[in-house]
Amino acid sequence: MSYWFRNDNRLPQTRLAIVSYVIVGMIGVLLLGFWKLQVIDSDKYGQMAEQNRVRSIPIIAPRGRMLDRDGRVLVDNRPSFSVLLLRDDPKLVEQYLPAISDGLGISIDDLHDQLQNTRNLPKFQPIVIKPEASSADLDFIESHRSDIPVLEMLSVSRRRYLPNGFLAHATGYVGEASETQIENSNGKLRPGDVVGKFGLERQYNDILMGTDGMRRVIVNSIGKEVDHLTQQDPIPGKQIQLSIDMDLQQVAEQSLGQRPGAVVALDPRTGEVLAMVSRPTPDPNDFAVRISAKEWKQLNEDPLKPLLNRAIQAQLAPGSVFKIVTATAMLQDHEIPESFTTYCPGYGMFFGRQYHCYVYYAKSGPHAHGPTNLHEAILKSCDVFFYTIGMKMGIDRLSFYGDKLGIGHKTGIDLPSEESGLMPSEEWVERVFHRKWYLGEAISVAIGQGAVTTTPVQLARLIGGIASGGVFKQPHMLKDVKDVPEERFALSEHTIGTITEAMYGVVNEPGGTGGRLKLAGIELSGKSGTAQVIGYNKMALVRKGTKFADNAWFVGYAPRRNPEICVAVLVQESGQHGGEAAGPVVRDIVKAYYDKKNGVPAGTVTAEARSTSSVNGTAVVAPAVAIKENAAASVAANPADGNGSEQ
Amino acid sequence: MKDAAQGSRDYDWWLIAILMAICALGVLEIYSATHASGGLEGMHYKQIRWLVFGFAIMFALSRLDYHLILDQAPLLYVICLIALGSVLVLGSSRFGARRWLHLAGQDFQVSELAKLIIIIVLARFFAEVRSDELDLRDVLKAGMLVGVPLVLILKQPDLGTALVLVPMMAVGAFLAGLKWIHAGIFTLAGVLLVGAVFYPPVSKHLLKPYQRERITSFLHPEEDAKGSGYQLLQSKIAVGSGGFWGKGFGNGSQNQLGYIPVRYSDFIMAAWAEEQGFKGVLLALGLYMALLLRLVQNAQRAKDRAGMFLVMGVAAALGFHVLVNVAMVIGAMPVTGIPLPLMSYGGSATLFVFMAIGLVMNVRLRRFVN
């Protein structure tokens, strides 16, 4: 036995007792800590545990489709995947950004921007960082589920539009809701939600957009779904049936070709729009997903303004089409006898200034109209006759009738951002320019120049309404709408008869400006217009250098009274007269309308109408098949404009 | 000398009962935490194997007279230093630290053995102090005895285990008759040191980067994403969401979905608290209190000072483990990597506890000897 512990049995009992108390105290303090967490703050931690394990994943409701008047699909959806970033833990997000940037091919700056833009939203809401995930992206997310726990895939349906901008301006396009839209939606919209931005998509967004569903799932600590709690099914958006006739639309698209301009075809009896084209056009499929700020800027700043729906937004001088308004004013007012005749030597002298008739510049034939009455003046579009009428009537009467016939007013078509055009008046000049009306201005206005501007849809409504006896149905895009608003302007039977007779003559009488448009068996009537882009004065200032070609108009309809179809066509800066550049488009559409009505197979018609063109007619108008690439391919394959037969 | 141990009647059956109860809680919670997650199933069986092995070693150690062990203290001390040294040179590295020595097909954490040896060495040292009061020279000597292995363990680095040596030394010195004035001075120094550790301008000279990070994330858990601040937060959420009654066995979402870090080992108390609630915590901490008090009682009835120091060294080590681990689970202390004795899964740590309790039983069995 060693020496060092022998008989050493003095134990420090007091200090041992102290140690016991310390032990009891220590356990007591620990229990207090548990009491605080488990009893006092239990609810708070309970919620945090719940937030940990439960994740809400939206199920996107598909948008309603758009059908044409025969039920063919114009706008559909296709399945796609979006990549979601879960932002519950900002530090975690920050940590994985480089890996995400690498894996998904999104620049770090872009990701930072997106996070910055959504910083005000609740953290538990995931954001869409890549709207159109490729299969490689999906593989990346799937294989990094455990080491990048902040990514999630979201199955969505994307808009699919017909290719090559078919009906693009009317259908419009969708995009992610802007911050303003989200704020104004009373919580209905969330970031990343897709809403209509333009056209019908925007107009009928509430109908087309469904209500998203929600899936609540349990996830483990590495973000893997382990169980499923509840599912609230999405309510799909409702489909809408447009009044658009896909066959006519096809003809209209092709016939206008790639020339800048617009086409509006409507049924004046109901106001239903049968076709609507605007050129140039973007492909809305490009922004069905997400468009970069740069591309967007480019589109917006493109001098050709491809985003503008010229059919309802182009406000341009109507040119000679306006002579129908002047003629209506003359006939209704009775101050100038109907038998009134002018002599047109190619120009007229008013207030000591020479106003030329367009015929003065004619490339061939006589440079004067000679003696001209109202019928001949409309037929041949004699400017001197209408200069005289304008001067005699004055701006007050002209603007009264222009106003009554709808110039300067929106037609009320169910598309956003419609423009109203302008019907100048003394009051307007005083209000805007703070000056007196120059009497000479009425002379220009009478032939649709000067300050008067109209939109294509306005002219289609105006001409169609006059031919329908002064009943102006509000143009609209949906089929079978009940109680279409209409405006009536009491025109005498004599006025209507005289004007429709003259417009019939424009196409069907010798010397009419639309003489080449004659269609066998169809009472195609109409009025051409060739409008200068800028006034004579301005042109003199900038003449050197720039060439300003005229805008060509033709508004045609059939039959000659109470028409079934009225088509307004604008071809911008074509350098040709309205009857030459715009007229054939009207003729193609009216022809196609009657062929369809009479059961003549499409295609042959267009071939006949294009007898002088080299295009193989049978292939020109393929039967339009909804959402098939080949439908539009046939458009692309036949870039020939509808003016093959003009010369 | 002949073995003077008495029959089985003299074993501390209460202590064994408490021990087994705590082990049972541990096995239950290890089962709950691991049975449903891939790759970890069957862990509770492994733990049971360690426990059986531990009980065997405990009884074996209790038969060997502790005076014989104390006799060999200098030799054990040298072995301890050699082992700690060799682990730094030869040890296998895991999670950036050299702590394991590969022996007989098993990886052993040498510092666990070191703890046991330091308990023995300190008991021998303090028992040799003849007076009732401990003078400063003795304190310094004890400090050096502990200091060398402490620095070696810090080198691994294993701050948690190194820190355990401090209360063993403190309790020993206190019971050996440390003057109150000295006790006060050392306490003050300790407080200052802890303060320095938490004060960045000073701590950057004292601590390794990962240790400073843990301190930072403890003080500012929200600044630490997936690191130890996140771990502490998840642990607190588990404990808090358990409430008074708990979510039920196998029903803790924090536990079952893996939000609690190493839920079967260092954070097993969080898993237990989530599923069993405050009532379960009361039971578990009650058992630990009973264990510690039972150890003190054994010390009070020891035959001699050496036995008392042995028992109290064990009590100090276990008490410190419980305090630091449980305080970490409720977010009151930084993450140190100290397991909860007998409940946390682990071979070396479990064996250490059983060997230590074996020493305690040894002392008890010999309390009536001449």
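1. Thoughts on the environment of Gly243(B)
- As for its position among the elements, Gly243(B) is in the loop between α11 (228–242) and α12 (253–256).
- We classify Gly243(B) as buried; it has 20 C-beta atoms within 10 Å.
- Residues Gly243(B) and Phe278(B), spaced 35 residues apart in sequence, show a C-alpha to C-alpha distance of 6.4 Å.
- Apart from the residues lying within four places of it in its own chain, the contact partners of Gly243(B) are Gln38(A), Ser42(A), Gly46(A) and Gly277(B).

2. What to know about unusual backbone geometry
- Pro280(A) follows Arg279(A) through a cis peptide bond whose omega is -5°.
- A positive phi angle, close to 50°, is found at Phe351(A), a residue other than glycine.
- Of note, Phe351(A) is situated in the loop between β14 (347–350) and β15 (353–356).
- Backbone geometry places Val262(B), a non-glycine residue, at a positive phi of 25°.
- Relative to the helices and strands, Val262(B) resides in the loop between α12 and α13 (268–300).

3. Regarding the interface of chain B and chain A
- Counting from both sides, the interface comprises 50 residues of chain B and, opposite them, 43 residues of chain A.
- Mapped by element, the contributors of at least two residues to the side of chain B that touches chain A are α3 (66–71), α5 (110–128), α7 (159–175), α11, α12, α13 and α14 (305–329) of chain B.
- Per-element accounting of the side of chain B that touches chain A gives the leading share, 13 residues, to α13(B).
- Each residue belonging to the side of chain B that touches chain A can be placed in one class, and the counts come to 30 nonpolar, 12 polar and 8 charged.

4. Description of the nonpolar core
- Counting 129 residues, the largest nonpolar core has Ile119(B), Leu122(B), Leu310(B), Val311(B), Val314(B) and Ala356(B) as the members making the most contacts within it.
- Here this core gets 18 residues from one element, more than from any other, and that element is α14(B).
- Apart from residues no more than four positions distant in its own chain, Val311(B) is found in contact with Leu295(B), Asn298(B), Ala299(B), Ala302(B), Val360(B) and Val363(B).
- Core analysis: the second largest hydrophobic core is formed by 122 residues, Met66(A), Val457(A), Leu517(A) and Leu570(A) among them.

5. Comments concerning the pairing of strand β19 (residues 525–531) of chain A
Residues and elements named next belong to chain A.
- The element β19 is largely enclosed, with a buried count of 7 among its 7 residues.
- Going residue by residue along β19, you find Ser525, Lys527, Gly529 and Ala531 tucked away on one face and Gly526, Ser528 and Thr530 tucked away on the opposite face as well.
- Strand direction decides the pairing type here: β19 and strand β20 (residues 551–558), joined by 7 bridges, are antiparallel. From the neighbouring strand, Lys527 faces β20, where its bridge partner is Val555.

6. A word on the pairing of strand β7 (residues 194–198) of chain A
All names here are of chain A.
- Within β7, 4 of the 5 residues are buried, which leaves the element mostly enclosed by the surrounding structure.
- Pairing of strand β6 (residues 173–176) with β7, which is carried by 4 bridges, proceeds in the antiparallel orientation. By the bridge assignment for β7, Glu176 is matched with Val194.

7. Some remarks on the confidence of the model for chain B
Residues and elements named next belong to chain B.
- Averaged over all residues, the pLDDT of chain B is 85; the fraction at 70 or higher stands at 88%.
- Confidence, read as mean pLDDT per element, is least for strand β1 (residues 92–94) in chain B (64) and greatest for α13 (95).
- Scoring of the predicted complex yields 0.64 for pTM and 0.91 for ipTM.

8. Some details on helix α18 (residues 456–467) of chain A
All names here are of chain A.
- In this model α18 runs 17 Å from its N-terminal to its C-terminal C-alpha over 12 residues, within 8% of the 16 Å that 1.5 Å per residue would give.
- By the criterion of burial, α18 is predominantly enclosed, with 12 of the 12 residues buried.
- When α18 is considered as a whole, its buried residues turn out to be Pro456, Val457, Gln458, Leu459, Ala460, Arg461, Leu462, Ile463, Gly464, Gly465, Ile466 and Ala467.
- Within two residues after α18, Gly469 carries a phi angle of roughly 80°, on the positive side.

9. Topic: the sheet that holds strand β1 (residues 54–59) of chain A
Residues and elements named next belong to chain A.
- Strand order in the open sheet made by the 3 strands is β1-β8-β9, with antiparallel pairing throughout. The open sheet is flanked by β1 and β9 (225–232), the only strands paired with a single partner. The sheet shows a mean angle of 25° between the axes of neighbouring strands, direction not considered.

How each quantity is defined
- Residues numbered from 1 in each chain as written.
- Chains lettered and ligands numbered in written order.
- Predicted model: local features only at pLDDT ≥ 70, side-chain atom pairs only at ≥ 80, totals over all residues.
- Helix = DSSP H or I, 4+ residues; strand = E, 2+ residues; numbered from the N terminus.
- Buried ≥ 20, exposed ≤ 12 C-beta atoms within 10 Å, placed from the backbone.
- Contact = placed C-beta atoms within 7 Å.
- Nonpolar A, V, L, I, M, F, W, Y, C, P; charged D, E, K, R; others polar.
- Core = buried A, V, L, I, M, F, W, Y, C linked by C-beta atoms within 7 Å.
- Pairing = 2+ DSSP bridges.
- pLDDT = per-residue confidence, 0-100.
- Expected span 1.5 Å × (residues − 1).
- Axes fitted to C-alpha atoms, helices over the stretch in contact; angles between N-to-C directions.

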